[in-house]
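Commentary on secondary and tertiary structure
In case you want the letters, here they are:
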Amino acid sequence: MENFENPNTEDQHSISPDKKEDQFQSRIDMIELRTSLEKVKSEIAKVIVGQESMVEHLLAALLSNGHVLIEGVPGVAKTITAKLLAKTIDVGFSRIQFTPDLMPSDILGTSVFNVKNSEFEFKKGPIFSSFILIDEINRSPAKTQAALFEVMEERQITMDGTRYIMEEPFLVVATQNPIEHEGTYRLPEAQLDRFLFKINVGYPDLQQEIAIIKNQHENKTEDKTDVVNRVISAQQLKNYQQLVKEIIVETHLMEYIAKIIVNTRENQFLYLGASPRASLALLTASKSFAALRGRDFVTPEDIKEASYAVLRHRVIVSPEREMEGLTADEIIRQILEGIEIPR
């Protein structure tokens, strides 16, 4: 068991080792959740070499019932990882390739006139699924991106005065390329704020690169996703998401989260700080990281681990500092280092 201080215990120095170990036992049964997620990792690892951080964050988002934006140069397995994750879960899957000529109706659906009954019928678009992969989300113009605002935040679509509720679970995973800007449209802050995480994906190291080459050489199947099996049912996932909500967060850790968020608003290097939605996102994500570690309580390390992915797309670096090469991640690191860690 990981060596974290249990936030609900009294003075640990006066407790015998046996009793202390008993107090570290989970009050919430996390065994099935952790076992299932380890199986998901194993299935993805059949195809993907490395990228452990991306997979961990995707699983944390899955438990948090939050959307994910994955940013990385072409060829670092952004799309294939999302597809593999979708295949391990027994839910509906839709892939939408964003292009400059894509219209909102191509995503949401449209009303079609039925000659037989002389009435308009709503034909649902590909967004009506449980796991949505949007590839190259910044390839479509603002009006198409804006079509996602309501469904990502409220998990519903309003068309012709009728409200359509999305089935749970509902997860949007979007990818974008940070390098190529020709023919792309920058995502507005309002849309970025609807993503729980922004995951930055880098290049593999030398050993991982060698393993990728070997894996490709030995793999004779045309479709790489064929080797991946379903591990979690839709009902199991909903149960796990509900279980994560029960994870214990002490008051001093909630104050720690608040201090981090307020510091982003007061930081001289940031033009825009994080909103209260970021506080809630950090709380939820911290619970998910605790669940991934098999714990039923949140630690400061969970909060710090979640902070980068939760905040990097919600803050804006001041133009002067951006010209100096300062990044959002570096400022977040400085903020975390400047706040006393509660124990």
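All values reported here derive from a predicted model rather than from experimental measurement.

Thresholds, definitions, all that
Residues numbered from 1 in each chain as written. Predicted model: local features only at pLDDT ≥ 70, side-chain atom pairs only at ≥ 80, totals over all residues. Heavy atoms only, no water. Helix = DSSP H or I, 4+ residues; strand = E, 2+ residues; numbered from the N terminus. Buried < 20%, exposed > 50% of the residue type's maximum accessible area, 1.4 Å probe, protein only. Contact = heavy atoms within 4.5 Å. Salt bridge = Lys/Arg side-chain N within 4 Å of Asp/Glu carboxyl O. pLDDT = per-residue confidence, 0-100. Core = buried A, V, L, I, M, F, W, Y, C linked by side-chain atoms within 4.5 Å. Expected span 1.5 Å × (residues − 1). Phe/Tyr/Trp six-rings, centres within 6.5 Å; stacked < 30°, edge-to-face > 60°. Lys NZ or Arg CZ within 6 Å of the ring centre and 35° of its normal. Patch = residues over 30% accessible without salt bridge, like charges linked within 9 Å, V, L, I, M, F, W, Y side chains within 5 Å. Areas by Shrake-Rupley, 256 points an atom, 1.4 Å probe, with all protein chains shown as cover. Pairing = 2+ DSSP bridges. Axes fitted to C-alpha atoms, helices over the stretch in contact; angles between N-to-C directions.

Here we look at the environment of Ile 107
- Among the structural elements, Ile 107 can be located in helix 5 (residues 104-108).
- Of the residues examined, Ile 107 reaches a relative accessible area of 0% and is grouped as buried.
- In the structure, Ile 107 is positioned 19 residues away from Pro 126 in sequence and 5.7 Å away in space, judged by C-alpha atoms.
- Among residues more than four places away in sequence, those in contact with Ile 107 are Ile 96, Phe 98, Leu 102, Gly 125, Pro 126, Ile 127, Thr 144 and Leu 148.

Quick look at the pattern of salt bridges
- Using the criterion set out here, one finds 19 salt bridges in the structure.
- In this structure, Lys 198 and Glu 71 form a salt bridge, with 3.4 Å as the shortest nitrogen-oxygen distance. Residue Lys 198 is found in strand 10 (residues 195-201), and its partner Glu 71 is found in strand 1 (residues 67-72); the two are separated by 127 residues along the sequence.
- According to the relative accessible area criterion, Glu 71 is buried, its value standing at 15%.
- Asp 193 is paired through a salt bridge with Arg 277; the nearest N and O atoms lie 3.0 Å apart. Of this pair, Asp 193 sits in the loop between helix 8 (189-192) and strand 10 while Arg 277 sits in helix 12 (residues 276-292), placing them 84 residues apart in sequence.

A look at the confidence of the model for the chain
- With 92% of its residues at a pLDDT of at least 70, the chain reaches an overall mean of 87.
- Every residue in residues 1-24 scores below 50 in pLDDT, and together they form 27 contacts with partners more than four places removed in sequence or on other chains.

With respect to the nonpolar core
- Among the nonpolar cores identified, the biggest contains 72 residues, and Leu 85, Val 173, Phe 197 and Ile 260 are the most heavily contacted of them.
- Among all residues touching Leu 85, those that are not within four sequence positions of it are Val 40, Ile 44, Leu 58, Leu 59, Leu 62 and Phe 131.
- In this structure, Ile 127, Met 159, Val 172 and Ala 174 belong to the second largest nonpolar core, which totals 25 residues.

Some remarks on helix 13 (residues 300-311)
- Compared with an ideal rise of 1.5 Å per residue, which puts 12 residues at 16 Å, helix 13 spans 16 Å between its outermost C-alpha atoms and is within 8% of the ideal.
- For helix 13, every residue scored as buried is listed here: Pro 300, Asp 302, Ile 303, Ala 306, Ser 307, Ala 309, Val 310 and Leu 311.
- Check the buried side of helix 13 and you find it contacts helix 3 (52-64), strand 10, helix 11 (251-266), helix 12 and helix 15 (328-338).

A look at the packing of aromatic side chains
- Enumeration according to the criterion identifies six aromatic pairs in this entry.
- Aromatic pair Phe 128 and Tyr 164: ring centres 6.1 Å apart, planes at 90 degrees, arrangement edge-to-face. With Phe 128 in the loop between strand 5 (119-124) and strand 6 (131-135) and Tyr 164 in strand 8 (residues 162-165), the pair connects residues that are 36 residues apart, well separated along the chain.
- Residues Phe 197 and Phe 289 carry aromatic rings whose centres are separated by 6.2 Å and whose planes lie at 40 degrees to one another, so their mutual orientation is tilted. Of the two residues, Phe 197 sits in strand 10 while Phe 289 sits in helix 12, which places them 92 residues apart along the sequence.
- With a relative accessible area of 0%, Phe 197 lands in the buried category.
- By relative accessible area, which is 0% here, Phe 289 ends up buried.
- Feature note: the residues Phe 122, Phe 128 and Tyr 164 constitute an aromatic cluster, connected by ring pairs.
- When the ring centre of Phe 149 is taken as reference, the NZ or CZ atom of Arg 194 above it lies at 4.8 Å.
- Cation over ring: Arg 295 sits above Phe 297, and NZ or CZ is 5.7 Å from the ring centre.

So, a nonpolar patch on the surface
- A cluster of nonpolar side chains, Phe 113, Val 115 and Phe 120, forms an exposed patch at the surface whose accessible area comes to about 370 Å².
- Mapped onto the elements, Val 115 comes out in the loop between strand 4 (109-114) and strand 5.

Looking at the sheet that holds strand 6
- Spatially, five strands are ordered 3-6-9-1-10 in an open sheet, and the strand pairing comes out parallel. Each edge of the open sheet is held by one strand with a lone partner, namely strand 3 (93-97) and strand 10. For this sheet the average axis-to-axis angle between neighbouring strands, irrespective of direction, equals 15 degrees.
- Across five bridges, the pairing between strand 3 and strand 6 is parallel. Bridge pairing in strand 6 links Gln 97 to Asp 135.

Quick notes on the pairing of strand 6
- In terms of burial, strand 6 is largely enclosed, as five of its five residues are buried.
- Here strand 6 shows two buried faces, one formed by Phe 131, Leu 133 and Asp 135 and the other by Ile 132 and Ile 134.

Quick word on helix 3
- When the terminal C-alpha atoms of helix 3 are compared, their 18 Å separation across 13 residues agrees well with the 18 Å that a helix rising 1.5 Å per residue should span.
- Summarising burial for helix 3: 11 of the 13 residues are buried, a large majority.
- If you check which residues of helix 3 are buried, you get Met 54, Val 55, Glu 56, His 57, Leu 58, Leu 59, Ala 60, Ala 61, Leu 62, Leu 63 and Ser 64.
- Where helix 3 ends, the next residue or the one after it, Asn 65, has phi of about 60 degrees, a positive value.

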